[in-house]
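A closer look at the structure
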Amino acid sequence: MHQALTLVLLMGAASTLHAGGLSMTGALDAARAYDPKYQAALREFEGSREYRLQGQAALLPEISLAGSLAQNRLNQSVGSQSRDTNYTSNSLSVQLRQPLYSRELQARGREGEARSRQGEAVLADQGNQLMVRLLEAYTNVPLADELLSTALAQVTALGEQLRAAERLRVLGEGTVTDELETRSRLAVAEVHLIEARDARQNALVRLTSMLGPTVQPDTRKLATPFVRLPLDPVDLHTWESLALERNPALEARRQALQAAREVLDRSDAALRPRIDMLASVSRAESDSINTVNQSSQQRTVGVQLSVPLYDSGRNASQTRQAVAAVGYAEASLDDARETVLAELRQQYRTLSSEVRKVSAYVEAVNAATLQVQATRQSVKGGVRVTLDVLNAQTQRFTVQQELAQARFNYLKAWFRLRAAAGILDASDLALIDQHLE
């Protein structure tokens with residue numbers, strides 16, 4: 001069944017790809033069908049569902065069948081008399097046992113429910129992490145494209161600057177220093193270009209490792225102008241309340257704590273009385289030396305009381321172990337709560353700061369572009385030198401790259417904030433997809 005589901009998801013992703021580019025939601029379908037980490041989470045979830053069934057089954061009737069067949073040889077002496085007898089004996093019985101009262105089995109049932117709910121929460125958390133990892137991998141490709149484009153533009157501009165410096169030197173209007181400085185800047189820019197190409201290839205490899213080798217995304221870029229994403233709620237306190245209530249990682253820890261408490265209750269209940277109803281039907285032939293060649297049938301209905309008296313300290317040891325497990329689960333929940341809140345606060349601050357950075361970088365890019373133009377005019381008038389032009393160009397390209405980085409950081413912070421709050425879903429991917437063209 002899961003193989004069929006995987007095939008359907010892959011076909012859906014492929015159809016999205018052929019329909020005109022791989023969208024974020026199409027990439028999510030492909031990642032759910034291929035990503036090894038998410039596939040491992042699915043298998044773990046399937047196993048966790050069995051805890052609920054096991055816990056429920058512990059409170060339901062048990063039916064057992066027992067039978068025997070034996071060949072017997074009897075040598076018997078009574079005073080001066082003796083006899084040798086060979087006979088065949090057989091028996092068959094069916095027994096039904098229904099727990100009527102057992103605190104241990106009741107705790108086992110509650111433990112099974114808690115562990116199954118924990119598995120559901122873990123899968124939800126892994127689904128959130130999958131979307132966050134996908135957003136990172138998916139948007140890193142257009143970010144790498146923009147950085148590569150900027151690096152290529154810088155190499156092109158410096159190449160033109162170098163040719164101009166060479167012509168001016170030949171005509172006697174330029175200096176060797178200008179030419180060497182430009183050549184040095186060009187060599188450094190070419191190194192940055194190589195790094196940008198490697199970074200883009202690495203981004204593609206990482207995305208492919210999530211989507212599968214048969215899915216190839218199209219080249220996309222951020223839409224212009226910059227548009228802020230909706231932020232609802234606005235205040236940090238409400239975001240924190242959402243995280244404490246809905247974050248799936250916290251829910252998984254809470255269910256793990258509940259399961260540990262049920263294990264402790266089960267250990268304590270192991271020394272309590274247990275009452276079972278028993279019903280059996282049995283049939284036997286020659287089942288003893290006194291009933292050779294005799295048949296019997298027996299039907300029994302009754303109640304059995306079991307009271308543990310002594311177990312050599314095994315239960316006490318299990319109880320101490322369960323107490324330690326509860327303490328561990330409580331500490332893990334506290335740690336997870338602090339981790340989630342710290343992540344949420346960080347992304348909330350990052351979201352606000354990246355908005356301000358984008359606005360500042362937009363102004364900086366405009367100013368740097370005008371500065372390059374003004375510096376070139378000043379060089380012609382003899383006020384500035386070639387080095388000033390090179391510095392202005394370098395500053396412009398640097399600011400352009402920082403602007404691109406800030407815009408993508410804004411998208412990622414918005415997405416991670418919703419993930420930490422536990423309200424992330426596929427529609428958020430679709431919303432970010434609208435900011436790519």
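Note that the structure is predicted; figures quoted are calculated from it, not measured.

Thresholds applied
Per chain, the residues get numbers from 1 upward, laid out in the order the sequence is written. It should be noted that, the model being predicted, local features are given only for residues of pLDDT at least 70 and side-chain atom pairs only at 80 or more, the latter also being counted only at that level, while totals for whole chains, interfaces and linings use all residues. Side-chain metrics rest on all non-hydrogen atoms present in the structure, leaving aside hydrogens and water. Counting from the N terminus, the helices are the DSSP runs of H or I reaching at least four residues and the strands are the DSSP runs of E reaching at least two. Our radius of gyration looks at C-alpha atoms and nothing else; its globule reference is 2.2 Å times the residue count to the power 0.38. Using a 1.4 Å probe on the protein chains alone, a residue whose accessible area is under 20% of its type maximum counts as buried, one over 50% counts as exposed, and one in between counts as partly exposed. Using protein atoms alone on a 1 Å grid, points that fit a 1.4 Å probe yet trap it form a cavity, whereas open point sets bounded by protein on both sides within 12 Å along at least five of seven lines form a pocket; residues with an atom within 4 Å of a point count as lining. Grid points are joined across faces, edges and corners, and a volume is the space filled by probe spheres set on the points. Residue polarity is assigned by list, with Asp, Glu, Lys and Arg as charged and Ala, Val, Leu, Ile, Met, Phe, Trp, Tyr, Cys and Pro as nonpolar; anything else, Gly included, falls into the polar class. In this analysis, rings of Phe, Tyr and Trp, with Trp reduced to its six-membered ring, are considered paired at centre separations within 6.5 Å, and the interplanar angle assigns stacked below 30 degrees, edge-to-face beyond 60, and tilted for intermediate values. Geometrically, a lysine NZ or arginine CZ counts as sitting over a ring once it is within 6 Å of the ring centre and also within 35 degrees of the ring normal. Any pair of residues with heavy atoms lying within 4.5 Å of one another is described as a contacting pair. The term salt bridge refers to a side-chain nitrogen of Lys or Arg lying within 4 Å of a carboxyl oxygen of Asp or Glu. pLDDT measures how confident the predictor is about each residue, on a scale from 0 to 100. Any two strands with at least two DSSP bridges between them are considered paired. Between the N-to-C directions of two axes lies an angle of 0 to 180 degrees, each axis being a line fitted to C-alpha atoms and, for a helix, fitted only over the stretch in contact. We define the nonpolar core as a collection of buried residues of types Ala, Val, Leu, Ile, Met, Phe, Trp, Tyr and Cys that are connected through side-chain atoms lying within 4.5 Å of one another. Expected helix span is given by 1.5 Å per residue-to-residue step, counting one fewer step than there are residues.

This next bit is on the overall build of the protein chain. Within the protein chain one finds 10 helices and four strands. In terms of overall size, the protein chain is more extended than a compact globule, its C-alpha atoms giving a radius of gyration of 37 Å where 437 residues would be expected to give roughly 22 Å. The principal-axis extent of the C-alpha atoms belonging to the protein chain is close to 145 × 45 × 40 Å. The proportion of buried residues among the 437 residues of the protein chain is 38%.

Here we come to empty space enclosed by the protein. Within the structure shown, the criterion is met by one cavity of 30 Å³ or more. When its volume is computed, the largest cavity comes out at roughly 50 Å³. When residues of the lining of the largest cavity are assigned to their parent elements, the largest contribution, three residues, is made by helix 4 (residues 103-170). Residue composition of the lining of the largest cavity, by class: five nonpolar, no polar and two charged.

Before going further, it helps to spend a moment on the packing of aromatic side chains. According to the stated counting rule, one finds one aromatic pair in the structure shown. Aromatic pair Phe 226 and Tyr 410: ring centres 5.2 Å apart, planes at 75 degrees, arrangement edge-to-face. With a gap of 184 residues between them, Phe 226 in the loop between helix 5 (176-211) and helix 6 (236-246) and Tyr 410 in helix 9 (residues 386-421) connect regions that are remote in the sequence. Take Phe 226: its relative accessible area is 26%, and that puts it in the partly exposed class. Residue Tyr 410 is classed as buried on the basis of its relative accessible area of 2%. Over the ring of Tyr 51 we find Arg 115; its NZ or CZ atom is 6.0 Å from the centre of that ring.

Turning our eyes to something else, we now look at the side chain of Glu 136. Positionally, Glu 136 belongs in helix 4. If near-sequence neighbours (up to four positions away) are discounted, Glu 136 is found in contact with Arg 206, Lys 412 and Arg 416.

One side chain can pair with another of opposite charge once the charged atoms of both are near each other. In the structure shown here, the tally under the stated rule is 30 salt bridges. One salt bridge connects Arg 43 with Glu 46, and the closest N-O pair in it is separated by 3.1 Å. Placement of the pair is Arg 43 and Glu 46 together in helix 3 (residues 36-57), with a separation of three residues, close to one helical turn. A relative accessible area of 19% means that Glu 46 is categorised as buried.

So, about the confidence of the model for the protein chain. For the protein chain, the average pLDDT comes to 89, and 95% of its residues sit at 70 or higher. The least confident element of the protein chain, judged by mean pLDDT, is helix 1 (residues 2-18) at 39; the most confident is helix 6 at 96.

In this section: the sheet that holds strand 3 (residues 274-285). The strand order across the open sheet formed by four strands is 1-2-3-4, and the pairing between neighbours is antiparallel. Pairing within the sheet leaves two strands with one partner each, and these edge strands are strand 1 (62-78) and strand 4 (295-306). Along the sheet, successive strands turn relative to each other by an average axial angle of 20 degrees, direction set aside. Examined bridge by bridge, strand 2 (residues 81-101) and strand 3 share 11 bridges and lie antiparallel to one another. What sits directly across from Ser 91, in strand 3, is Ala 284.

Further remarks concern the pairing of strand 3. Note that strand 3 and strand 4 share 12 bridges and pair antiparallel. Bridging from a neighbouring strand, Ser 282 pairs with Gln 298 of strand 4.

Counting 54 residues, the largest nonpolar core has Leu 134, Leu 211, Phe 415, Leu 429 and Ile 432 as the members making the most contacts within it. Only helix 2 (24-34), helix 3, helix 4, helix 5, helix 6, helix 8 (314-380), helix 9 and helix 10 (426-433) provide two or more residues apiece to this core. In this structure, Phe 415 is in contact with Met 131, Val 132, Leu 135, Leu 424, Asp 428, Leu 429 and Ile 432, ignoring residues within four places of it in sequence. Ala 151, Val 155, Leu 193 and Ala 196 belong to the second largest nonpolar core, which has 10 residues in total.

As a further point, take the pairing of strand 2. By the bridge criterion, 17 bridges tie strand 1 to strand 2 in an arrangement that is antiparallel. Paired with Ser 77 across the strands is Ser 82, a residue of strand 2. Linkage of strand 1 to strand 2, two consecutive antiparallel strands, is achieved through a turn of two residues, within which Gly 79 is found at a positive phi near 65 degrees.

One can find Ala 368 in helix 8. A C-alpha to C-alpha distance of 75 Å links Ala 368 and Ala 316, two positions 52 residues apart in sequence.

What follows deals with helix 4. With 68 residues, helix 4 should cover 100 Å at 1.5 Å per step; its first-to-last C-alpha distance of 98 Å lies within 8% of that length. Trailing helix 4 by a residue or two, Gly 172 shows a phi angle of about 85 degrees, which is positive.

Moving on: unusual backbone geometry. Here the residue pair Thr 224 and Pro 225 is connected by a cis peptide bond, since its omega of 0 degrees sits within 30 degrees of zero. Relative to the assigned elements, Pro 225 resides in the loop between helix 5 and helix 6. Look at the link from Asp 232 to Pro 233: it is a cis peptide, with omega at 5 degrees. Assignment of secondary structure puts Pro 233 in the loop between helix 5 and helix 6. A positive phi angle, close to 65 degrees, is found at Asn 293, a residue other than glycine.

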